[in-house]
Amino acid sequence: MMRTSPSIAGDSPSQRGRWPIAFLLAFGVIINFFDRINLSVSQEALHASFGLTLISFGYLSSAFSWTYAVMQVPAGLLLDRFGVRRVGRITTFLWSVASFCAALSTGLVGLFAARLLLGVAESPTFPANAKAIGLWFQERERSLAIAVTDSAAKLSSAIGVPLIGILLLHFGWRWSFAATGFFSLIYFALFCRVYRDPVEGHSPSAEQPASRSQGNARSNIPARAPQEGLVEYLLRLWRGSLLRYLLRQRKVYGLAIGWGAYNYSFFLLLTWLPSYLSFSLHVDLLHSVFYTSVPWLFAAITDFVVGGWLVDFLIQRGWNATRVRQTVLLIGTSLGLAIWGAGHAHSPAAALIWISIALGGLAAAAPVAWTVPSLIAPQGAVGTVGGLANLCGQLAAISAPIITGYIVSSTHLFAAAFAIATAILLLGIASYALLLGRMERIPEPPLPA
C-alpha cells in the first residue's frame, strides 16, 4: 500500500510557503530569459543599426556566457557566504542595469559590454534557485520543484520572443531592451518583498542539516608542515583534494559531457531560431517570432509534465527511481536528435515539428540532469560536481552561437550547424549511457594526509 505523503497533512508553517517560493523563482527565470532572448530577436535590427554580420552576431550572442561561466564558482561562494536573499537582491537589480545599458549603447562595444555585465548579474540565478529549492523542499518533491523553475526558461522563450518581437517592430530594438529592464525592476521589487530563507533550524529539507555538517566535516585542510615548502604543500593539497579525486571519476565526465551536449543544442536554438526561420525559410520577422514560440511552449510542457511531475509520480508509486530517471534522461536526449530533420526541412511547418520534437525531448531530460549531482556526488561534493557539469555546459553555450555564425556565414545554410549539434548529442547520449551509467553515489574519497 502506498503511504500518504506527510507533506500535505503535516506541513509546518515554513513548509506551507514552499510552493509560492518555487513560483517566485520560476517568474524570475522567465524575466531572466527575457533578458537573454531579446538579442536573438534583434539580429536584423542590429544589422541595420550597426552593420552587425552573422559572425559578429555569434560572438555577441556568446558574450553573455563568457562572464556567466567565469562567475559560476564565485557566485556559488557568495551564495554560501551571504545566502540567497542578500545575493539575489543585488544581482536582480543588476539585471535591469545591464538591460538599460544595452538600450542606451551607441555601438557594438557598448552592447558587448552590456551583455558581459548581464552574464555577471545572472550568474547566481540557477545556483541560487538550486540552493533555495534544497532549503525549501524535501527530496521527494525536488524533481517537480526543479521542473517548475526549469520549464520557466522554455516558457519564457515561448511568450518572450513574440512579445519582444512586437515591441521591436512597433518601437525599435532599444525599447525592447528597455522593456526587459523594466521587467527586471518589477521582479527585483517582488523578490525583495516576497523571498525569505526558511527559519534557521526549521528548514523543510530534512537533509539540509546533515549535508551541511557532512560538507563541513570534509572541508578540513591539512596543516602545512614546518619544513615544507609552499610548492610541496600545494602539491600535497592537490594530490589529496576532492577536485582531483572527482576529475578521475567517469560518472563526473559522463554527466558533464551529457550536459554540455544538451546545452549546445539549447543555446543554438535559443540564439538562432528566429534567424533560422527568416534566413532559411524566408519567414518575415512578425511570423518568425510567433512561430518560434511553438517549440518553446511544447518544451515547457514536456519539461514540467515529464521531467518533473511524471518522474516524481512514478517514483512515489514505487517505481525504481534510478531506472525512471535513466529512462527519461536517455530517451529525452535521444529525441533531441530530431534537430537533424530541421536542417533538411523545406517548410516552416516541417521545421517546427522537428524542432518541437527535439526541444521537447531535451526539456524533459533537463530536470533529471539537474538532480544527478545530488545522486552521484560524495558527501560534501554536490556543488563541485554540479559546478563541473555546468562549466562544461557553459563552454557549449559559448561555442554554439559562434560556431553557428561561422557556418551560416560561409554556407548560407543551417543544415551543417544542425548536423554538428546532432553529432554532439550522439556523444552526450553515449556519455550518459556508458560513463554516467547507473546513478549511484561515487565512493567517498580518501581523507587527505
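Residues numbered from 1 in each chain as written. Predicted model: local features only at pLDDT ≥ 70, side-chain atom pairs only at ≥ 80, totals over all residues. Heavy atoms only, no water.

**Q** How should I be thinking about the overall build of the protein chain in this particular structure?
**A** A count of helices and strands for the protein chain gives 19 helices and zero strands. For the protein chain, the proportion of its 449 residues judged to be buried stands at 53%. In the protein chain, once contacts between residues fewer than 6 apart in sequence are set aside, the share between residues at least 24 apart is 85%. Working note: accessible area of the protein chain is about 19,600 Å², and carbon and sulfur atoms make up 69% of it. (Helix = DSSP H or I, 4+ residues; strand = E, 2+ residues; numbered from the N terminus. Buried < 20%, exposed > 50% of the residue type's maximum accessible area, 1.4 Å probe, protein only. Contact = heavy atoms within 4.5 Å. Areas by Shrake-Rupley, 256 points an atom, 1.4 Å probe, with all protein chains shown as cover.)

**Q** It is not clear to me how a nonpolar patch on the surface should be interpreted in this structure. Could you clarify?
**A** The grouping of Leu155, Ile159, Leu297, Ile301, Phe304, Val305 and Trp309 at the surface amounts to a nonpolar patch, some 580 Å² of accessible area in total. Elements supplying a minimum of two residues to the nonpolar patch: helix H8 (139-171) and helix H14 (285-316). With five residues, H14 is the single largest residue contributor to the nonpolar patch. The class for Ile301 is partly exposed, based on a relative accessible area of 47%. (Patch = residues over 30% accessible without salt bridge, like charges linked within 9 Å, V, L, I, M, F, W, Y side chains within 5 Å. Salt bridge = Lys/Arg side-chain N within 4 Å of Asp/Glu carboxyl O.)

**Q** Sorry if this is basic, but what is going on with the nonpolar core here?
**A** For soluble globular proteins, the rule of thumb is that nonpolar side chains tend to be buried together. Counting residues in hydrophobic clusters, the biggest one holds 115 residues, and the most contacted among them are Tyr195, Leu269, Tyr276, Trp296, Leu329, Ile376 and Phe418. Residues in contact with Tyr195, not counting those within four places in the same chain, are Ile21, Leu24, Val84, Arg85, Ala132, Trp136 and Leu190. (Core = buried A, V, L, I, M, F, W, Y, C linked by side-chain atoms within 4.5 Å.)

**Q** I'm lost on unusual backbone geometry in this one. Help?
**A** A negative phi holds for most residues other than glycine; trans holds for most peptide bonds. Notably, His282 is not glycine yet its phi reads approximately 60 degrees, a positive angle. Position of His282 among the secondary structure elements: in the loop between helix H13 (250-280) and H14. Given the relative accessible area of 67%, His282 is considered exposed. In the Ramachandran plot, His412 falls in the positive-phi region, its phi being about 60 degrees despite a non-glycine side chain. Looking at the element boundaries, His412 is found in the loop between helix H18 (382-411) and helix H19 (415-436). Residue classification places His412 among the exposed positions, given a relative accessible area of 53%.

**Q** Can you walk me through the pattern of salt bridges in this structure?
**A** A side chain with one charge can pair with a side chain of the opposite charge if their charged atoms come near. Enumeration over the complete set of coordinates arrives at four salt bridges. In this structure, Lys154 and Asp150 form a salt bridge, with 2.8 Å as the shortest nitrogen-oxygen distance. Residue Lys154 and its partner Asp150 are located together in helix H8, separated by four residues, close to a single helical turn. Exposure class is identical for Lys154 and Asp150. Each is buried. In this structure, Arg438 and Glu440 form a salt bridge, with 2.8 Å as the shortest nitrogen-oxygen distance. Residue Glu440 is classed as partly exposed on the basis of its relative accessible area of 40%. Within the structure, one salt-bridge network assembled from shared partners comprises Asp150, Lys154 and Asp303.

**Q** Is there a simple way to explain the environment of Ile133 in this structure?
**A** If you trace the backbone, Ile133 turns up in helix H7 (residues 125-136). Judged by its relative accessible area of 3%, Ile133 falls in the buried class. Spatially, the C-alpha atoms of Ile133 and Leu25 are 9.3 Å apart, while their sequence positions differ by 108 residues. When residues no more than four places from it in sequence are discounted, the contact partners of Ile133 are Arg142, Ala145, Ile146 and Thr149.

**Q** In this structure, what is going on with the side chain of Ser157? I would like to understand it.
**A** With respect to the element layout, Ser157 can be found in helix H8. Residue classification places Ser157 among the buried residues on the basis of a relative accessible area of 1%. Contact partners of Ser157, with chain neighbours within four places excluded, come to Ile37, Pro162, Leu270, Ser293 and Trp296.

**Q** Looking at this model, I keep getting lost on the packing of helix H2 (residues 18-41) against H7. Mind explaining?
**A** Any two packed helices are characterised by the angle at which their axes cross and by the distance between the axes. Here H2 crosses H7 at 175 degrees, and the two axes come no closer than 11 Å. Classified by the interaxial angle, the pair formed by H2 and H7 is roughly antiparallel. Residue-level contacts link Arg18, Ile21, Leu25, Val29, Asn32, Phe33 and Arg36 of H2 to Thr125, Phe126, Asn129, Ala132 and Trp136 of H7. Among the residues forming the contact of H2 with H7, the class breakdown is seven nonpolar, three polar and two charged. (Axes fitted to C-alpha atoms, helices over the stretch in contact; angles between N-to-C directions. Parallel < 35°, antiparallel > 145°, perpendicular 65-115°, else oblique. Nonpolar A, V, L, I, M, F, W, Y, C, P; charged D, E, K, R; others polar.)

**Q** Just checking my understanding: could you explain the packing of aromatic side chains for this structure?
**A** Geometry of an aromatic ring pair is reported as the spacing of the ring centres plus the angle between the planes. All told, the structure shown has 29 aromatic pairs when counted by the stated rule. Measuring from ring centre to ring centre gives 5.3 Å for Tyr276 and Phe414, while their planes differ by 70 degrees; the resulting arrangement is edge-to-face. Taken as a pair, Tyr276 in helix H13 and Phe414 in the loop between H18 and H19 lie far apart in primary sequence, 138 residues in all. Judged on exposure class, the residue Tyr276 and its partner Phe414 are both buried. Among the aromatic residues, those joined into a cluster by ring pairs are Phe33, Phe126, Trp259, Tyr262, Phe266, Phe267, Trp296 and Trp370. Over the ring of Phe33 we find Arg36; its NZ or CZ atom is 4.2 Å from the centre of that ring. (Phe/Tyr/Trp six-rings, centres within 6.5 Å; stacked < 30°, edge-to-face > 60°. Lys NZ or Arg CZ within 6 Å of the ring centre and 35° of its normal.)

**Q** For this particular structure, what's the right way to read H14?
**A** Since the α-helix advances by 3.6 residues per turn, residues separated by three or four positions end up pointing in the same direction. The first and last C-alpha atoms of H14 sit 46 Å apart over 32 residues, in line with the 46 Å expected at 1.5 Å per residue. At Leu310, H14 shows its maximal kink, close to 30 degrees. A positive backbone phi angle near 100 degrees is found at Gly318, which sits one or two residues after H14. (Expected span 1.5 Å × (residues − 1). Bend = angle between axes of the 7 residues up to and from the residue.)

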